[in-house]
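Residue-level structure breakdown
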Amino acid sequence: ATLFRNGDPMTDVDLNYITETGNYVLEVKSANSSDVVAFRFRIIPDLVNSLPELTLPDGFSFDYVTQNSESLTLNHSNYIQFLSDGSYSMSWSCPDIGQQYSLSFTLDTQPPVLELPEIQNGQAWSEVTVTVPEDAASVLIQQEGASSRNISSQTTLKEPGTYTLTVLDQAGNSAQYTFTIHVYLNLSALAGIGLLLAGAAAL
C-alpha cells in the first residue's frame, strides 16, 4: 500500500493511525496482480473554509446533524449540503456492522475585512493606518519594489508608493487590498513650510 497526502507520497507512516489534515489517496496493490485499488478520503481541521457537502457510504445514515446547536431537518438520510457558515456536529451509523461515527467542525467561508478609512478608490493622500482584525491570522504587506513583511499589530504606512495587503484568517480565507499612497505633506512638513513663510515675511 502507498499513501499520498495532498498529492505527495508519504514514507514511514503508520496506516493504522493517520491524523494529519489533508486530502489522501491510499493505493493498494496485490502482490499477485497489477491491479491497483484507490481509496480516497479527507481529514478536515476543526476550522474549515471549504466543505460544500457530505455523502455517506452505502449502508450508512445520519443519526443527527446540528448547526449552532440547532437540529437540522435532512432531506436525505445519507447526504447533506452545508449552505451556510456555522458550527456543525453530526453522527452517522451503519446497523449492519454496528458502527457509529461522529464529526464536529466550524465552517467559515468569509474572509476577514481590513478597515482602511484613509483610502478612497484605491488612493490615499496621507499616511495609512493598518489595524489587524481580531479574526485575522496574519496581514502581509507588500510594497512595490520592496520585500514583503508580516504584521500582527497596528502599523502605520507613511512612505509613498503602491501597496498590496493580504489578510488571512485561521480558516484559510484571504482577501487582498491594493492602493497607492501619494506624496503628501505631514505636520512636520507643514510646520517647516510655516517657518519658512514666517521667515520670508519677517525679511
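Just above sits the structure.
Residues numbered from 1 in each chain as written. Predicted model: local features only at pLDDT ≥ 70, side-chain atom pairs only at ≥ 80, totals over all residues. Heavy atoms only, no water.

**Brief notes about the overall build of the protein chain**
Scanning the protein chain for helices and strands turns up 1 helix and 18 strands. Split into buried and exposed, the 203 residues of the protein chain put 25% on the buried side. Here the contacts in the protein chain between residues at least 6 apart in sequence split such that 42% fall between residues at least 24 apart. Carbon and sulfur atoms form 49% of the exposed surface of the protein chain, whose accessible area is close to 13,500 Å². In the protein chain, 6 side chains carry a positive charge and 22 a negative one; their mean positions are 9 Å apart. (Helix = DSSP H or I, 4+ residues; strand = E, 2+ residues; numbered from the N terminus. Buried < 20%, exposed > 50% of the residue type's maximum accessible area, 1.4 Å probe, protein only. Contact = heavy atoms within 4.5 Å. Areas by Shrake-Rupley, 256 points an atom, 1.4 Å probe, with all protein chains shown as cover. Lys, Arg positive; Asp, Glu negative; His and termini not counted. Charge placed at Lys NZ, Arg CZ, Asp CG, Glu CD.)

**As for the side chain of Ser93**
For Ser93, the location among the structural elements is in strand β10 (residues 86-94). The buried category is assigned to Ser93, whose relative accessible area is 15%. Polar contacts involving the side chain of Ser93 include one to the side chain of Asp63, which spans 2.9 Å. (Polar contact = N/O pair within 3.5 Å; in protein donor to acceptor, adjacent residues only side chain to side chain.)

**Brief notes about the sheet that holds strand β11 (residues 99-107)**
Sheet architecture is open: 5 strands sit in the order β5-β11-β10-β7-β8, paired in mixed fashion. In this open sheet, the two strands that pair with only one neighbour each are β5 (47-48) and β8 (70-71). Examined bridge by bridge, strand β7 (residues 61-67) and β8 share 2 bridges and lie antiparallel to one another. Across the sheet, Thr66 pairs through a bridge with Ser71, a residue of β8. (Pairing = 2+ DSSP bridges.)

**Focus on the pairing of strand β14 (residues 136-143)**
Bridge count for β14 against strand β17 (residues 161-169) is 7 bridges, and the pairing is antiparallel. Residue pairing for β17: Ile141 is matched across the bridge by Leu165. Of the pairings in the sheet, the one linking β14 to strand β15 (residues 149-151) comprises 3 bridges and is antiparallel in character. Within β15, the residue paired with Leu140 across the bridge is Asn150. The hairpin turn running from β14 into β15, its antiparallel successor, is 5 residues long, and Gly145 in that turn takes a positive phi close to 85°.

**Overview of the pairing of strand β4 (residues 36-43)**
In this structure, strand β3 (residues 22-29) lies alongside β4, joined through 8 bridges in antiparallel fashion. Looking at the pairing, Val25 lines up with Arg40 of β4.

**Looking at a nonpolar patch on the surface**
A contiguous nonpolar patch, built from Val28, Val37 and Phe39 and spanning about 240 Å² of accessible area, is present on the exposed surface. Examined against the element boundaries, Val28 turns out to sit in strand β3. Judged by relative accessible area, Val28 falls into the partly exposed class, the value being 34%. (Patch = residues over 30% accessible without salt bridge, like charges linked within 9 Å, V, L, I, M, F, W, Y side chains within 5 Å. Salt bridge = Lys/Arg side-chain N within 4 Å of Asp/Glu carboxyl O.)

**Topic: the packing of aromatic side chains**
Two numbers describe a pair of aromatic rings. These are the distance of the centres and the angle of the planes. For the coordinates displayed, the defined rule picks out 7 aromatic pairs. Between Phe82 and Phe105, the aromatic rings sit 5.4 Å apart at their centres with planes inclined by 90°, giving edge-to-face as the arrangement. In this pair, Phe82 is assigned in the loop between β9 (79-81) and β10 and Phe105 in strand β11, connecting sequence segments 23 residues apart. As far as burial versus exposure is concerned, Phe82 and Phe105 are alike and both buried. (Phe/Tyr/Trp six-rings, centres within 6.5 Å; stacked < 30°, edge-to-face > 60°.)

**Re the layout of surface pockets**
Empty space within the largest pocket amounts to approximately 430 Å³. Taken together, the elements giving at least two residues each to the lining of the largest pocket come down to β4, β6 (53-55) and β11. Considered class by class, the residues forming the lining of the largest pocket number 11 nonpolar, 2 polar and 2 charged. For the second largest pocket, the calculated volume is near 230 Å³. Along the wall of the second largest pocket there are 13 residues; nearest its centre are Thr73, Asn75, Ile80, Gln81 and Leu83. (1 Å grid on protein atoms, 1.4 Å probe; cavity = no way out; pocket = protein on both sides within 12 Å on 5 of 7 lines; lining within 4 Å. Points joined across faces, edges and corners; volume = space filled by probe spheres on them. Nonpolar A, V, L, I, M, F, W, Y, C, P; charged D, E, K, R; others polar.)

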